[in-house]
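Notes for the structure review
The residues making up each chain are set out below.
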Amino acid sequence: MQLSNYHSHCTFCDGRSLPEDFIKFAISNGFRAYGFSSHSPLPFETFWNMPKDDMPEYLQEIERLKQKYSDQLEIYAGLEIDYLDKTYNASIPYFRELPLDYRIGSIHFIPMSEHLIEANMVCIDGSFNNYAYSVKKYFNNDIRLLVKKYFETTIDMVEAGGIDIVGHMDKIYMNGQKYTDFSFSEDWYQTPFRECLHLIAEKGLMVEINTKNFLKKHELYPHIEYLSLLQELNIPVMVNSDCHYPQLVNDGRKEAFELLRKTGFKSTRELVNGKWQDVAI
């Protein structure tokens, strides 16, 4: 089992501890590599995204930690970048010009207007009450329409580029599955999801196996039943905990690696001395 993690959140966004606390945990638990991926700045303020003004300090702090712990741990500077639309995503010059080691592309918000303000966003993460309100307001209480829009947006994100890793790519089901008419097996879910995976494979991107909710809710992103499809399409994967607390850095990793082995995966993709490599599992 490779002890590395590339998806984590610290006090620069909605994480609950200082960056150095995560590094100390990783070292004490025998990690080889650790990457930070704070939520990217947005054109509107949220409680969980990093303000744009804090970006220089974020990069400076990670560089300080790289130097301080260089003989104990490989440390990397990443960012989890929200795709909103064609005007605001990882491919725009602001994000492309940042001195990052990698970029995770994720979808948390779906704009319902060309005006990129929080009031016009459907948040697919967070509380079910807010999620249900948006499904009713924008999608006539039809979860299938939101799922369709989510995967269309995911395809747009992959096509736009600027990312290395697709983050929690089917997290739409976290709240979506609470609807009685939600189904993983129906064409309205299967078809767009598979289209996304085929495009990811075509573009040569990596997909994270996100374990944030695995031990708490037995939910893996992507869903467990799709691991075999990732393997068939030869999509490189990594195991990330999406942690917000240092003590959760390793949460669900052992279980996820067991699932990958059972599915037939022979390796995960890792940053080794600054280069992505396939490392045997």
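So, here's what we can say about the structure.

Criteria and cut-off values
- Residues numbered from 1 in each chain as written.
- Predicted model: local features only at pLDDT ≥ 70, side-chain atom pairs only at ≥ 80, totals over all residues.
- Heavy atoms only, no water.
- Helix = DSSP H or I, 4+ residues; strand = E, 2+ residues; numbered from the N terminus.
- Expected span 1.5 Å × (residues − 1).
- Buried < 20%, exposed > 50% of the residue type's maximum accessible area, 1.4 Å probe, protein only.
- Arc of directions from axis to C-beta.
- Contact = heavy atoms within 4.5 Å.
- 1 Å grid on protein atoms, 1.4 Å probe; cavity = no way out; pocket = protein on both sides within 12 Å on 5 of 7 lines; lining within 4 Å.
- Points joined across faces, edges and corners; volume = space filled by probe spheres on them.
- Nonpolar A, V, L, I, M, F, W, Y, C, P; charged D, E, K, R; others polar.
- Axes fitted to C-alpha atoms, helices over the stretch in contact; angles between N-to-C directions.
- Parallel < 35°, antiparallel > 145°, perpendicular 65-115°, else oblique.
- Left-handed = near helix turned anticlockwise from the far one by under 90°.
- Pairing = 2+ DSSP bridges.
- Salt bridge = Lys/Arg side-chain N within 4 Å of Asp/Glu carboxyl O.

**Re helix α2 (residues 55-68)**
Relative to the 20 Å expected for 14 residues at 1.5 Å per residue, α2 spans 20 Å between its end C-alpha atoms, a close match to the ideal helical length. Listing the buried residues of α2 in full gives Met55, Tyr58, Leu59, Glu61, Ile62 and Leu65. Axial view of α2: buried residues confined to an arc of 160 degrees, hence all on one face. Every exposed residue of α2 that faces more than 90 degrees away from the buried side is listed here: Gln60 and Gln67. Each element contacted by the buried residues of α2 is listed here: α1 (19-28), β2 (33-39), β3 (74-82) and α3 (93-96).

**Examining empty space enclosed by the protein**
In total, this model carries one cavity of 30 Å³ or more according to the counting rule given. Reported here for the largest cavity is a volume of approximately 40 Å³. In this structure, the largest cavity is lined by Ile81, Asp82, Tyr83, Asn89, Ala90, Gly105, Met157, Gly161 and Ile163. Among the residues making up the lining of the largest cavity, the classes are represented as five nonpolar, three polar and one charged.

**Remarks on the packing of α1 against α2**
Two elements in contact, α1 and α2, have axes whose closest approach is 10 Å; the angle formed by their N-to-C orientations is 30 degrees. Taken together, the axes of α1 and α2 lie roughly parallel to each other. For α1 against α2, the interelement crossing comes out right-handed. Contacts between α1 and α2 involve Pro19, Glu20 and Ile23 from the former and Glu61, Arg64, Leu65 and Lys68 from the latter. Here the residues of the contact of α1 with α2 sort into three nonpolar, no polar and four charged.

**Observations concerning the sheet that holds strand β4 (residues 102-106)**
Strand order across the open sheet formed by seven strands is β1-β2-β3-β4-β7-β8-β9, with parallel pairing between neighbours. The outermost strands of the open sheet, each flanked by one partner alone, are β1 (4-5) and β9 (237-240). Summarising the sheet, β1 and β2 pair through two bridges and their orientation is parallel. Within β2, the residue paired with Asn5 across the bridge is Tyr34. Contacts between α2 and the sheet are confined to β2 and β3, with β3 contributing the most and set at about 155 degrees to the helix.

**Re the pattern of salt bridges**
Within this structure, the stated rule accounts for 11 salt bridges. Lys66 is the salt-bridge partner of Asp101, the closest N and O atoms lying 2.9 Å from each other. Taken together, the residues span a long stretch of sequence, with Asp101 in the loop between α3 and β4 and Lys66 in helix α2 at a distance of 35 residues. Residue Asp101 is classed as partly exposed on the basis of its relative accessible area, which comes to 31%. The shortest N-O distance in the salt bridge between Arg144 and Asp142 comes to 3.0 Å. With relative accessibility at 15%, the residue Asp142 sits in the buried group.

**Concerning the pairing of β4**
With five of its five residues buried, β4 lies for the most part within the structure. Along β4, one buried face is formed by Tyr102, Ile104 and Ser106 and the opposite face, lined by Arg103 and Gly105, is buried too. As defined by bridge partners, β3 adjoins β4 across five bridges and the pair is classed as parallel. Bridging across to β4, Ile81 finds its partner in Gly105. As paired elements, β4 and strand β7 (residues 165-166) share two bridges and run parallel to each other. When the sheet's bridge partners are listed, Ile104 is paired in β7 with Ile165.

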